[in-house]
Amino acid sequence: MKPKFQMPFMCHQKWRASIPLSSLTVPSNTIILDLVTGAKVEIPVFASFGGTVAAAGNLAGGGEVTLKHADGFVTEYGNLNTMIVQMGQQVVRGQKLGSVGNTTTTPRLRYSQKDSTANAIPVEFDGQAIAVHLGAKKPDGTFPTQELVSKNCPIGITEKVVTGGATATCTEGAGLRATATCENTYTKIEINVHGPWVGAKATSKAKFPPGSVAVENGHEIS
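Residues numbered from 1 in each chain as written. Predicted model: local features only at pLDDT ≥ 70, side-chain atom pairs only at ≥ 80, totals over all residues. Heavy atoms only, no water.

Trainee: Looking at this structure, how should I read the overall build of the chain?
Mentor: Of regular secondary structure, the chain possesses 0 helices and 21 strands. When the backbone C-alpha atoms are referred to their principal axes, the chain occupies close to 70 × 40 × 30 Å. Within the span of the chain, comprising 222 residues, buried residues form 43% of the whole. The long-range share in the chain, meaning contacts at least 24 apart out of those at least 6 apart in sequence, stands at 63%. Looking at the chain as shown, the accessible area adds up to about 11000 Å², and 54% of this sits on carbon and sulfur atoms. When the 20 positive and 16 negative side-chain charges of the chain are each reduced to one mean point, those points stand 4 Å apart. (Helix = DSSP H or I, 4+ residues; strand = E, 2+ residues; numbered from the N terminus. Buried < 20%, exposed > 50% of the residue type's maximum accessible area, 1.4 Å probe, protein only. Contact = heavy atoms within 4.5 Å. Areas by Shrake-Rupley, 256 points an atom, 1.4 Å probe, with all protein chains shown as cover. Lys, Arg positive; Asp, Glu negative; His and termini not counted. Charge placed at Lys NZ, Arg CZ, Asp CG, Glu CD.)

Rendered as structure tokens:
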């Protein structure tokens, strides 16, 4: 059974799917994902589903990570600027694999899904096929693109108050950050603080400034 793959990006991020230029003449199930809005900086890439890192290395087009999933299915993540996983490592959905971006163009990921025979298959996210495969032209002669919103959202969230702040973690998914409200001991002014956005297998920590005490803690989903 094909896993219910999610987009390899933070929960609620919007990306534009298209086909590689080579697919304009040679049909391919590989897709290109470009960030719709946001800075041209390094954007985290997360696992679409849990599995094992089958390959991680540099190719001509940048870094590439390959994950092997249940029943022999495979996902490939190309054009990476950074990689933080190693071959043989076990990952869960939403665990960070590396990043794309920090270039003169919008952050861009080359992505594909394959079956147990190593053949690329039409990409599905959240059980839904996307509409940019096989290089088919639209009636106006242009090639299709499709804007997609990631549903690679965190589940199994736990919160914890720690010395000088609060933390939040999740079992699976990406797009979680710790939040906390603290009060200055002397001025009694309350401020809100936030930790970094993280995915599974990572913890977000919201740190209080010196001279403050906790009022409440929690989390946000991107």
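Trainee: Which parts of the structure should I look at to understand the environment of Val45?
Mentor: Here Val45 lies in strand 3 (residues 43-46). If near-sequence neighbours (up to four positions away) are discounted, Val45 is found in contact with Pro8, Phe9, Tyr77, Leu80, Gln95, Lys96, Leu97, Gly98, Ser99, Val100 and Leu109.

Trainee: I would appreciate a short explanation of the confidence of the model for the chain in the present structure.
Mentor: Close reading of the predicted structure is inappropriate where its pLDDT is low. Looking at the chain as a whole, its pLDDT mean stands at 89, while 90% of the residues score no less than 70. Here strand 11 (residues 120-121) stands out as the element of the chain with the lowest mean pLDDT, 85, in contrast to strand 8 (residues 90-91), whose mean of 98 is the highest. (pLDDT = per-residue confidence, 0-100.)

Trainee: When you look at the pairing of strand 10 (residues 108-114) in this model, what are you seeing that I'm missing?
Mentor: Looking down a regular strand, the side chains alternate between one sheet face and the other. Alignment of strand 2 (residues 31-35) against strand 10, held across 4 bridges, turns out to be antiparallel. Considered in strand 10, the bridge of Leu33 is made with Leu109. Both strand 6 (residues 74-80) and strand 10 contribute to a ladder of 5 bridges, which runs antiparallel. By the bridge assignment for strand 10, Val74 is matched with Lys114. (Pairing = 2+ DSSP bridges.)

Trainee: Please clarify how the sheet that holds strand 3 should be interpreted in this entry.
Mentor: Across a sheet, strands are paired by hydrogen bonds formed along the backbone, either parallel or antiparallel in direction. Pairing is antiparallel across the open sheet formed by 3 strands, whose spatial order is 3-9-7. With one partner strand each, in any of the chains shown, strand 3 and strand 7 (82-83) form the two edges of the open sheet. Bridging between strand 3 and strand 9 (residues 96-100) involves 4 bridges; their strand directions are antiparallel. Paired with Pro44 across the bridge in strand 9 is Ser99.

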